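Observations on the model geometry
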Amino acid sequence: IPLGRRSLQRLSSESGGSLAQQPRQLSPEATEAMRRQFMAGLRALTYGSLIGIAGVAAAVTIAAYAYEIGDAQSLRTNIKASFAPLAARLSIATQSLKENL
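It is worth spelling out the pattern of salt bridges at this point. Counting across every chain of the model gives two salt bridges. The shortest N-O distance in the salt bridge between Arg35 and Glu32 comes to 2.8 Å. With Arg35 and Glu32 both in helix α3 (residues 28-66) and three residues apart, the pair spans about one turn of that helix. Residue Arg35 is classed as partly exposed on the basis of its relative accessible area, which comes to 45%.

Here the focus is helix α4 (residues 72-100). The terminal C-alpha atoms of α4, which comprises 29 residues, lie 40 Å apart, in line with the 42 Å expected from a rise of 1.5 Å per residue. Within α4, the axis deviates most sharply at Ala84, by approximately 45 degrees, and proline Pro85 lies no more than four positions further along.

With that settled, consider the confidence of the model for the protein chain. Confidence in the prediction of the protein chain, expressed as mean pLDDT, is 85, and 81% of residues score 70 or more. Confidence, expressed as mean pLDDT per element, reaches its minimum in the protein chain at helix α2 (residues 17-20) with 51 and its maximum at α3 with 95.

So, how was this worked out
- Residues numbered from 1 in each chain as written.
- Predicted model: local features only at pLDDT ≥ 70, side-chain atom pairs only at ≥ 80, totals over all residues.
- Heavy atoms only, no water.
- Salt bridge = Lys/Arg side-chain N within 4 Å of Asp/Glu carboxyl O.
- Helix = DSSP H or I, 4+ residues; strand = E, 2+ residues; numbered from the N terminus.
- Buried < 20%, exposed > 50% of the residue type's maximum accessible area, 1.4 Å probe, protein only.
- Expected span 1.5 Å × (residues − 1).
- Bend = angle between axes of the 7 residues up to and from the residue.
- pLDDT = per-residue confidence, 0-100.

If you want it as structure tokens, here you go:
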């Protein structure tokens, strides 16, 4: 049996598919409950985001105070000092690779 678009549409309408296209009306109580749930979720998302931003700002402030970072130059100096051991190891590793090639 060839099933084209029209035959599939007819089959769908015969099997009750046309009923699914009609929107269902919610009761006023259900609508109010959905609105309250949405607002509660939105409030939680907003407050959670604000707490997260405040936490990141506090962590950055504490880290800057702990590492005595007052300006961009002191930040640059601290970063270079932190990565100096890694840079030395990578330099040694690349030299040994160049020698082996």
